[in-house]
Amino acid sequence: MVLFLLSGTAISGNAQANKITPNKNIMVKHNEISQFGYSEYVEINLGTAKMLVFSGQLALDANGNTVGLGNFEQQAEYIFSNIQKKLAKAGGSMKNIIKLNNYFTDISHLPTFRTIRNKYINTAQPPAQTSVEVKQLFRPDVLLEIEVTAVIKY
């Protein structure tokens with residue numbers, strides 16, 4: 001997903017290049033920057049709320065070891081538990097999730113995924129969701145990756 005936030009363009013009278021004038025109400029904050037060159041999540045100030053866009057969440061422990069090796073259910077539980085903790089740390093909860101993008105190495109795990117997901121999300125008002133099967137994720141022992149977008153009121 002690509003999100004462009006521009007508030008306007010001003011052109012000066014002396015033929016200078018277009019100048020972007022930032023909207024002071026929109027701020028982007030990059031959080032928990034990884035040693036691998038990405039933000040764990042980006043926080044966008046929407047004025048009365050903040051939108052959090054998380055990088056793909058994996059079943060990896062703090063040392064980079066796969067949790068639930070070969071076990072889809074354990075990996076899914078671990079990922080959702082971590083998402084819950086990260087949202088709480090950011091001042092929100094699982095009810096704030098508005099979008100899930102799910103990447104499976106085997107889409108036949110979708111029914112198991114739904115059962116686990118439903119323990120964590122607001123099933124009365126579920127988030128939008130996309131689920132796709134991919135040939136492989138960045139490591140062959142990773143069975144699932146979940147991207148999350150959440151909106152939290154200030």
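Residues numbered from 1 in each chain as written. Predicted model: local features only at pLDDT ≥ 70, side-chain atom pairs only at ≥ 80, totals over all residues. Heavy atoms only, no water.

(A) Region of interest: the pattern of salt bridges. Summed over the entire model, instances satisfying the criterion amount to three salt bridges. The residue Lys86 makes a salt bridge to Glu40 at a minimum N-O spacing of 2.5 Å. You can see Lys86 sitting in helix α1 (residues 72–89) and its partner Glu40 sitting in strand β4 (residues 39–45), a full 46 residues away along the chain. Here Glu40 falls in the buried class, since its relative accessible area comes to 12%. The shortest N-O distance in the salt bridge between Glu77 and Lys119 comes to 2.3 Å. With Glu77 in helix α1 and Lys119 in helix α2 (residues 110–120), the pair connects residues that are 42 residues apart, well separated along the chain. (Salt bridge = Lys/Arg side-chain N within 4 Å of Asp/Glu carboxyl O. Helix = DSSP H or I, 4+ residues; strand = E, 2+ residues; numbered from the N terminus. Buried < 20%, exposed > 50% of the residue type's maximum accessible area, 1.4 Å probe, protein only.)

(B) Highlighting the pairing of strand β5 (residues 49–54). A large share of β5 lies buried, amounting to five of its six residues. Two elements, β4 and β5, share five bridges in a ladder whose sense is antiparallel. Its bridge partner lying in β5, Val42 is registered against Val53. Hairpin geometry of β4 and β5 is characterised by an intervening segment of three residues between the two adjacent antiparallel strands and by a positive phi of about 100 degrees at Gly47. The pairing of β5 with strand β8 (residues 144–153) spans five bridges and is antiparallel. Bridge pairing in β8 places Val53 opposite Thr149. (Pairing = 2+ DSSP bridges.)

(C) Just the confidence of the model for the protein, in detail. Averaged over every residue, the pLDDT of the protein is 85; the share at 70 or more is 79%. Segment residues 1–21 is flagged for pLDDT under 50; beyond a separation of four residues in sequence, or across chains, it makes 22 contacts in the model. (pLDDT = per-residue confidence, 0-100. Contact = heavy atoms within 4.5 Å.)

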